[in-house]
Amino acid sequence: MNIRPSRASAGRRPSAYVLAGELAQRPDGALDRYEQAMRDYVRGCQKSGESAGRWMVPESRFMAWFLNQNYRLLPYLPWKGLIAKSVRKTAGAVSLKDY
């Protein structure tokens, strides 16, 4: 069976693309190479998730009030695209090689 990962779908599922590529190249040691290739990307995703969690679960009543006001006004504020920009930055942090 010949598996060829599609580079077009790699943007949506980079981990599956890398794993399929490593398995197609050489099955022996594929998981070690996969872990090495994905390590920095996964660390970045985890860091992004930790910081996002602080915004979703406020630690005080004041922070809950502040976040509610911010979300209500977000469409009108200059930093309205900041969340989407942060997500795109994290998602684009993986460097994919051609398999």
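Residues numbered from 1 in each chain as written. Predicted model: local features only at pLDDT ≥ 70, side-chain atom pairs only at ≥ 80, totals over all residues. Heavy atoms only, no water.

## As for a nonpolar patch on the surface
- Together, W55, M56, V57, F62, W65, F66 and Y71 make up a nonpolar patch on the protein surface, roughly 820 Å² of accessible area in all.
- Looking at the nonpolar patch, the elements that each hand over two or more residues are α2 (30-56) and α3 (61-73).
- A per-element tally of the nonpolar patch places α3 first, with 4 residues.
- A relative accessible area of 39% places Y71 in the partly exposed class. (Patch = residues over 30% accessible without salt bridge, like charges linked within 9 Å, V, L, I, M, F, W, Y side chains within 5 Å. Areas by Shrake-Rupley, 256 points an atom, 1.4 Å probe, with all protein chains shown as cover. Salt bridge = Lys/Arg side-chain N within 4 Å of Asp/Glu carboxyl O. Helix = DSSP H or I, 4+ residues; strand = E, 2+ residues; numbered from the N terminus. Buried < 20%, exposed > 50% of the residue type's maximum accessible area, 1.4 Å probe, protein only.)

## Thoughts on the packing of aromatic side chains
- Inspection of the entire model under this criterion finds 3 aromatic pairs.
- Consider the rings of Y17 and Y99, whose centres lie 5.5 Å apart with planes at 65°: the pair is edge-to-face. Of the two residues, Y17 is situated in helix α1 (residues 14-25) and Y99 in the segment after α4 (82-91); the sequence distance between them amounts to 82 residues.
- The exposure class of Y17 is buried, given its relative accessible area of 4%.
- Each ring, one from F62 and one from W65, has its centre 5.9 Å from the other, and the planes form 35°; the classification is tilted. Of this pair, F62 and W65 both sit in helix α3, 3 residues apart, roughly one helical turn.
- A residue is classified by how much of its surface remains accessible, and W65, at 48% relative accessible area, is partly exposed.
- Aromatic ring contacts, followed pair by pair, group F62, W65 and F66 into a single cluster. (Phe/Tyr/Trp six-rings, centres within 6.5 Å; stacked < 30°, edge-to-face > 60°.)

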